[in-house]
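Chain and residue survey
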Amino acid sequence: ALPILDNSTGAGKVHNIVYHLGSGSQPIKRIPTSVIKKIHRKLIEDGPDDCKYYILVGPDDFTGDLKDLNNSYPEITIFYSTTLSDLVSLLECSLVITGDTGVAHIASYINGKALVLGGPTNTIESAPLKGTKVFQDSSLCEFAPCYGTKRFSSCPYGAKCMVNMDHNTIVNMIQSYKTSDGI
C-alpha cells in the first residue's frame, strides 16, 4: 500500500526524505547501507523531529543489509514501488537521496529535489540538473569516475568511492537543501 505522504505547507509540515540505494543491476553504483546508516543517524540527531523517512527498493534490493537497516531504524518505512504512479507519488516528497540512477532523473523532473551521491559515474555529465545537488569526491579513489572503463565491472578497490563517502558533508548538503528550499 502507498504510504501517507504529507506535502503540505505551513506550520507542522512533515518533511519526507527518501533514500534510494540505487542500481540493483549494477551493485558498484549502489549506496552502501553503511553510508545510509551514518547519514540517517546524523539526520535523526540533528532533526527536524517531524521528518518521515522512506527507503525505496526494487526487486534486487532485498538483501541482508537492507533487512539490517530496517531492523536498526524502524522509523524508516520500506517502500516497494510496483507502478509508475506509486513511484511518482513517493518521489513528490521533499528530498530524494540516491545514486546516479534513473530515480534521480525522475525525482529531479518531478520536484527538482534530489541529492545524487556519485562514485563510479561521472555525475557532472550524467546527473539531472534541475535543482539537483551532487556529492562526488574523486579523492576517494584515483580511478573514479570509472563508469565505462574496464575497472567499473570488477572494481579491485572494493567500491571505496561509494563506501568511504563522508556522511557529514552529505548531511550538510541535506541541511542546505532544508535551508534554501524550505524542506
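The structure we're discussing is the one just above.
Residues numbered from 1 in each chain as written. Predicted model: local features only at pLDDT ≥ 70, side-chain atom pairs only at ≥ 80, totals over all residues. Heavy atoms only, no water.

What about helix 3 (residues 84-91)?
Stated formally: Note on classification: 1.4 Å probe, protein chains only; a residue is buried when its accessible area is under 20% of the maximum for its type, exposed when over 50%, partly exposed between these limits. Here a helix means four or more residues in a row that DSSP labels H or I, a strand means two or more in a row labelled E, and each is numbered from the N terminus. For this quantity, the arc is that covered by the directions from the helix axis to the C-beta atoms. We call two residues contacting when some pair of their heavy atoms lies within 4.5 Å.
Among the residues making up helix 3, those that are buried are Leu87, Leu90 and Leu91. One face of helix 3 carries all of its buried residues, which in axial projection span an arc of 95 degrees. On the buried face of helix 3, the contacting elements are strand 1 (15-20), strand 2 (51-57), strand 3 (76-80), strand 4 (95-98) and helix 4 (102-111).

Quick notes on the nonpolar core
The tendency in soluble globular proteins is for nonpolar side chains to be buried side by side. Cut-off, in case you're wondering: As used in this record, nonpolar core signifies buried Ala, Val, Leu, Ile, Met, Phe, Trp, Tyr and Cys residues forming a set joined through side-chain atoms within 4.5 Å.
Within the largest apolar cluster, 32 residues are counted, with the highest numbers of intra-cluster contacts made by Tyr19, Ile39, Leu115 and Leu117. Among the secondary structure elements, those contributing two or more residues to this core are strand 1, helix 1 (33-46), strand 2, helix 2 (64-72), strand 4, strand 5 (114-117), helix 7 (160-163) and helix 8 (167-181). Sort the elements by how many residues they give to this core and helix 8 lands first, with five residues.

Some points on helix 4
Residues of helix 4 that are buried: Val103, Ala104, Ala107, Ser108 and Asn111. Seen along its axis, helix 4 keeps its buried residues to an arc of 135 degrees; they face one direction. Along its buried surface, helix 4 packs onto strand 1, strand 2, helix 3, strand 4, strand 5 and strand 6 (132-135). Positive backbone phi, approximately 70 degrees, marks Gly112, located one or two places after helix 4.

Overview of the packing of aromatic side chains
Applied cut-off: Centres within 6.5 Å are what make two rings of Phe, Tyr or Trp a pair, Trp counting through its six-membered ring; a difference in plane orientation under 30 degrees is then read as stacked, over 60 as edge-to-face, and the rest as tilted.
Scanning all chains against the criterion turns up one aromatic pair. Taking the centre distance of 6.1 Å and the plane angle of 5 degrees together, the rings of Tyr19 and Tyr53 count as stacked. Residue Tyr19 is found in strand 1, and its partner Tyr53 is found in strand 2; the two are separated by 34 residues along the sequence. Residue classification places Tyr19 among the buried positions, given a relative accessible area of 0%. Looking at Tyr53, the relative accessible area reads 3%, which means it is buried.

Description of the environment of Gly22
Tracing the backbone shows Gly22 in the loop between strand 1 and helix 1. C-alpha of Gly22 to C-alpha of Val57: the two residues are 35 residues apart in sequence and 8.3 Å apart in space.

What about the sheet that holds strand 5?
Selection criterion: Being paired, for any two strands, means DSSP has found at least two bridges between them. Angles here are taken between N-to-C directions and fall from 0 to 180 degrees, while the axes themselves are lines fitted to C-alpha atoms, restricted in helices to the stretch in contact.
If you trace the six strands from one edge of the open sheet to the other, you get 3-2-1-4-5-6, paired in parallel fashion. At either end of the open sheet lies a strand with only one pairing partner, and these are strand 3 and strand 6. With strand direction ignored, the average angle separating the axes of adjacent strands in the sheet is 20 degrees. For strand 1 and strand 2, the ladder comprises six bridges, and the chain directions are parallel. In the sheet register, His15 faces strand 2, and the bridge partner there is Cys51. Against the sheet, helix 1 contacts strand 1, strand 2, strand 3 and strand 5, and its axis sits at roughly 170 degrees relative to strand 1.

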